[in-house]
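# Descriptive analysis of the structure
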Amino acid sequence: MPKKGREMRLSKLFGKTLRQTPAEAENVSHQLLLKAGMIHQLAAGVYSYLPLALRALQKIENIIREEMDAVGGQELQMPVLQPLEMWRETERDLAFGKGLFTLSDRRERALVLGPTHEEVITELVKRNVQSYRDLPLLLYQIQTKFRDEPRPRGGLMRVREFGMKDLYSFDTDEEALNITYQKMIGAYKRIYERCGLDSVVVEADSGAIGGKESHEFMVIAESGEDVILNCSKCDYAANVEKAESVKPRGGEGGGGSEKGEMLPMEEVATPGKITIKEVSSFLGIPESQTLKAVFYAADGEVVFVAIRGDLEVNEVKLKNALGCHELRLAQEEEVAKAGLVAGSASPLGLSGVKQVGDPSITLGANLVAGANKPDTHMRNVNYPRDFTVDLLVDIATAQAGDGCLRCGAPLLTTRGIEVGHVFKLGSFFSERMGATFLNRDGVARPILMGCYGIGIGRLLAAAIEQYHDENGIIWPTPIAPYQVHLCPLSTDNEEVAARAESLYAELKREGLEVLFDDRAESPGVKLNDADLLGMPLRVVLSPRTLKTGSVEVKMRGEKEVALVPMKGVSGKLRAMLF
RNA sequence: CGGGGCGUAGCGCAGUUUGGUUAGCGCGCAGCGUUCGGGACGCUGAGGUCGGAGGUUCAAAUCCUCUCGCCCCGACCA
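To start, this report covers the structure provided alongside it.

Of all hydrophobic cores here, the largest spans 63 residues; its most connected members are Met-38, Met-68, Tyr-188 and Trp-475. There are two domains that each give this core at least three residues, and those are domain 1 (53–77 + 115–243 + 414–465) and domain 3 (482–577). For Trp-475, the residues in contact, after removing those within four places along its chain, are Met-38, Ala-56, Leu-460, Ile-464, Ala-480, Pro-481, Leu-533, Gly-534, Met-535 and Pro-536. In terms of nonpolar packing, the next biggest core, distinct from the first, is built from 25 residues, Met-78, Leu-84, Trp-87 and Val-125 among them.

The structure is reproduced here in structure tokens:
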């Protein structure tokens, strides 16, 4: 629990509720946090947390701490300020690119504000671990991270400075790492559950963190930035960035089936038809009967990408396949310079350009592809009879309706907020930085690592996305800033005021966390604020309830109110809360 | 970085097209009074470098140039 008091008077609380929702806010969580006076923006993606939000954050942190400690994690704290040198050592300065906040000190030494701490912890562990006897080891911190996001967004959803719990694991071998990894997944599930959140685990791409296996924890929400594909039948679920699927067969008829006989290539005029849609409808064939050509610049080099016309290129997969740091669509000049004709570009007879193909181009026969001259396409193009590629790998974006790779049932899509991400790093960092241990046989081996992150503020925002109504936040009790919102009406009535004070004192004494609305506001204002601020239990006291010697009690998430006798009320409240 | 939008009081906005007195409105804020179970009412009052710099003009929130910042949509991530 937060170390600060268990109680607060609303008249003294720093942070005021707003009547109107600030215009810049788009997501519900952002709007409510702002309207409730819980956060304040200082710059794009940079926020202050006011007392109420901080308390919720601290509660989340404490739940995380307990679960990390429960699986043997030891808390420590590492520096935000890190030498850039260290990032060069692992080449992650390139992987993070512009996302790294860099600065220099008075001696012109280059420093970064840490976006994550693999390098720092590896260096630290290297100095402290020599033997297999020191392993396994789980170290974590809750620390502010800095990432110069291209586009901060959605209030607390995507910010440039944020609190994160990051745990790093160190094991002797693959098997031990797997055990640790599973243990951490279990701990994560418990964390979200304890925070009152519904979460799902999905397979994920590991991005700039590196490593081979990776999972994300998602809170399902319309406003989520991530698209998840999950099987309608089995438990397969993955981020689109990673998701693999069985593509629908090529178009029926038109020789598109894989059994179709390969016909001789022939030129066909397609005046002014550039896009797949235009070409396919002009020729009266399904999009899956065409071959789409897309050009990328991978670290500056033009790459030709071929995929079946009805599919989309998955840039994350492509980036991984190419092993490049920066990937973007190529510019027109770059395309022209490579000898390609946009709109009618073709892999046919192409040379001097790196070519990547998606296996979908091998599924059908007799596709229509560009002829690499204006207004012209080629019919009956077949792989590998007519062209080949340098790299044939899955680079297609999985779509709803595709088949599940495991069981064949159709895949579905939903959106989610990524509230946690775990990675098997393996020996990536330990090898580059020389973090080794001596095994039983006295042989030096690289330590196998894993890393496990949770964005605290994002988790808070996700909770609000999941739990709110048109009037405000509905905090899950475990992360609510206070448990009880004590709301006397007509405080100029002396009896009400006196009873409210004594009830406030009693609830505090009983160990409940109470937010006491002692303001001389009208009932409408107070009740609306109570809904907005969203404490789980509202206790109203008024001349009306006093007549019967009771208070009115209501759970924030429910409609029904109940009159509870003043006598022994705290016990009743406790029962409702826990 | 590409595309779109916006900067006027703590918040929400009008005024800018067509330059022209002391720059308005609602909410909030301060004081007094009346109210008191779902954002009450009256009276009085405080609060503004019109994002910034430069320019045009007798005169600039308004026109021109530059610049800074913020939001949204796309490429990145907890």
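Assignment of secondary structure puts Asp-166 in strand β9 (residues 161–171). Taking the relative accessible area as the measure of exposure, Asp-166 reaches 1% and is therefore buried. Here the side chain of Asp-166 touches Tyr-168 through a polar contact of 2.5 Å, side chain to side chain. Setting aside residues no more than four positions away along its own chain, Asp-166 makes contact with His-117, Leu-139, Tyr-140, Gln-141, Lys-145, Tyr-452 and Gly-453.

Time to look at the protein's contact with RNA strand B. Asp-492, Asp-531, Arg-538, Ser-542 and Glu-552 are the nearest of the 53 residues found near RNA strand B. Within 4 Å of the protein, the contacting atoms of RNA strand B are drawn from sugar and phosphate to the extent of 50%. Here a base nitrogen of RNA strand B sits 2.9 Å away from a polar atom, N or O, in the main chain of Val-159. Elements with a contribution of two residues or more to the surface near RNA strand B: β2 (39–43), β9, β22 (411–426), β25 (448–455), α13 (523–533), β30 (537–541) and α14 (543–547).

Strand order across the open sheet formed by six strands is β1-β29-β28-β30-β31-β32, with mixed pairing between neighbours. Looking at the sheet topology across the chains shown, the edges are occupied by β1 (7–9) and β32 (561–565). Each neighbouring strand pair of the sheet contributes to a mean axis angle of 25°, computed without reference to strand direction. Judged from the five bridges that link them, strand β28 (residues 484–488) and β30 form a sheet pairing that is parallel. Looking at β30, one finds that Leu-486 is bridged to Val-539. Lying over the sheet, α13 contacts β28, β29 (514–516) and β30, oriented at roughly 175° with respect to β28.

For the rest of this paragraph, the subject is the packing of aromatic side chains. Applying the stated criterion across every chain yields a total of ten aromatic pairs. A ring pair is formed by Tyr-192 and Phe-217, whose centres lie 5.5 Å apart and whose planes are at 35°; its orientation type is tilted. Residue Tyr-192 is located in helix α6 (residues 174–194), and its partner Phe-217 is located in strand β11 (residues 213–220); the two are separated by 25 residues in the primary sequence. No difference in accessibility class separates Tyr-192 from Phe-217, as the two residues are buried. Centroid distance Phe-428 to Phe-429: 4.9 Å. Interplanar angle 70°. Geometry classified as edge-to-face. Looking at Phe-428, the relative accessible area reads 26%, which means it is partly exposed. Residue Phe-429 is classed as buried on the basis of its relative accessible area of 0%. In this structure an aromatic cluster arises from ring pairing among Tyr-188, Tyr-192 and Phe-217. The aromatic ring of Phe-428 is capped on one face by Arg-432, whose charged end is 3.9 Å from the ring centroid. The side chain of Lys-508 reaches across the aromatic face of Tyr-504, ending 4.3 Å from its centre.

Analysis parameters
Residues numbered from 1 in each chain as written. Chains lettered and ligands numbered in written order. Predicted model: local features only at pLDDT ≥ 70, side-chain atom pairs only at ≥ 80, totals over all residues. Heavy atoms only, no water. Core = buried A, V, L, I, M, F, W, Y, C linked by side-chain atoms within 4.5 Å. Buried < 20%, exposed > 50% of the residue type's maximum accessible area, 1.4 Å probe, protein only. Domains from an automatic or database assignment. Contact = heavy atoms within 4.5 Å. Helix = DSSP H or I, 4+ residues; strand = E, 2+ residues; numbered from the N terminus. Polar contact = N/O pair within 3.5 Å; in protein donor to acceptor, adjacent residues only side chain to side chain. Near = heavy atom within 4 Å. Pairing = 2+ DSSP bridges. Axes fitted to C-alpha atoms, helices over the stretch in contact; angles between N-to-C directions. Phe/Tyr/Trp six-rings, centres within 6.5 Å; stacked < 30°, edge-to-face > 60°. Lys NZ or Arg CZ within 6 Å of the ring centre and 35° of its normal.

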